[in-house]
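Structure at a glance
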Amino acid sequence: ADAARLLLQDLVSQDESKIQDRLNLILTLIGVNRLRAARDLFEQINDTTIQESNAIAQAAYHCVRIYIRRKLPGAENASNLVNDATSIAETKALADKARENASLLESAAVDAFCQLLDP
């Protein structure tokens, strides 16, 4: 799992414009139970970058934020995890909007992120 994570990390651009790459890596880290590493990478995402991103990235961001906030103790949550008031219902609505114009691959990505919202 660590080798796969390192390989994926090499593929992720450090450019903030590649926000979906970062979110996909975060989803992978969550999948291999590396929640703190996922949180650390999540903390590097700028709120302004998300606001300027497409609906798919916005939905993915909020899914990850809700999941990490739910799973980590309060003291371990970053400010961008606790300050955002976007709810699960609002995030699901954003994901539905993202799917409207998404390709099959993009829709599958949105679905993968939305699975984080399930209890």
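Residues numbered from 1 in each chain as written. Predicted model: local features only at pLDDT ≥ 70, side-chain atom pairs only at ≥ 80, totals over all residues. Heavy atoms only, no water.

1. A few points about the overall build of the protein
- Across its full length, the protein carries eight helices and zero strands.
- Moving toward the C terminus, one meets the helices and strands of the protein in the order α-α-α-α-α-α-α-α.
- For the protein, the proportion of its 119 residues judged to be buried stands at 40%.
- Long-range contacts, defined as pairs at least 24 residues apart, comprise 58% of the intrachain contacts of the protein with a sequence gap of at least 6. (Helix = DSSP H or I, 4+ residues; strand = E, 2+ residues; numbered from the N terminus. Buried < 20%, exposed > 50% of the residue type's maximum accessible area, 1.4 Å probe, protein only. Contact = heavy atoms within 4.5 Å.)

2. Quick word on the packing of aromatic side chains
- The tally for this structure, following the rule as stated, stands at one aromatic pair.
- Ring centres of Phe-42 and Tyr-61 lie 4.8 Å apart, and the angle between their planes is 20 degrees; this geometry places the pair in the stacked category. You can see Phe-42 sitting in helix α3 (residues 35–43) and its partner Tyr-61 sitting in helix α5 (residues 55–71), a full 19 residues away along the chain. Of the two residues examined, Phe-42 and Tyr-61, each falls in the buried class. (Phe/Tyr/Trp six-rings, centres within 6.5 Å; stacked < 30°, edge-to-face > 60°.)

3. Notes on the nonpolar core
- Judged by nonpolar contacts, the single largest core of 32 residues is most densely connected at Leu-23, Ile-26, Ile-30, Ile-45, Val-64 and Ile-68.
- Secondary structure elements with two or more residues in this core: α2 (19–31), α3, α5, α7 (88–100) and α8 (104–114).
- No other element matches the ten residues that α5 contributes to this core. (Core = buried A, V, L, I, M, F, W, Y, C linked by side-chain atoms within 4.5 Å.)

4. Here we look at the environment of Ala-102
- Note on placement: Ala-102 falls in the loop between α7 and α8.
- On the accessibility criterion, Ala-102 (18% relative accessible area) is buried.
- Put simply, Ala-102 and Ile-56 are 46 residues apart on the chain and 8.1 Å apart in space, counted from C-alpha to C-alpha.

5. A look at the packing of α5 against α7
- Following both chains from N to C, one finds α5 and α7 inclined at 150 degrees, their axes separated by 8 Å at the closest point. As far as their axial angle goes, α7 and α5 are roughly antiparallel. For the pair α5 and α7, the crossing hand works out as left-handed. When α5 is examined against α7, the residues Ala-55, Ile-56, Gln-58, Ala-59, His-62, Cys-63, Ile-66 and Arg-70 are found in contact with a partner set consisting of Ile-88, Thr-91, Leu-94, Ala-95 and Ala-98.
- Classifying every residue of the contact of α5 with α7 by side-chain character gives nine nonpolar, three polar and one charged. (Axes fitted to C-alpha atoms, helices over the stretch in contact; angles between N-to-C directions. Parallel < 35°, antiparallel > 145°, perpendicular 65-115°, else oblique. Left-handed = near helix turned anticlockwise from the far one by under 90°. Nonpolar A, V, L, I, M, F, W, Y, C, P; charged D, E, K, R; others polar.)

6. Topic: α3
- Within α3 the residues assigned to the buried category are Leu-35, Ala-38, Arg-39, Leu-41 and Phe-42. Buried residues along α3 cover an arc of 165 degrees about the axis, so they all sit on one side. (Arc of directions from axis to C-beta.)

7. Considering a positive patch on the surface
- On the surface, Arg-69, Arg-70, Lys-71 and Lys-92 cluster together to form a positively charged patch.
- In terms of residues, the positive patch owes the most to one element, α5, which gives three residues.
- Along the polypeptide, Arg-69 turns up in helix α5. (Patch = residues over 30% accessible without salt bridge, like charges linked within 9 Å, V, L, I, M, F, W, Y side chains within 5 Å. Areas by Shrake-Rupley, 256 points an atom, 1.4 Å probe, with all protein chains shown as cover. Salt bridge = Lys/Arg side-chain N within 4 Å of Asp/Glu carboxyl O. Lys, Arg positive; Asp, Glu negative; His and termini not counted. Charge placed at Lys NZ, Arg CZ, Asp CG, Glu CD.)

So, to be careful, I would describe these as geometric facts and stop short of saying anything about function.
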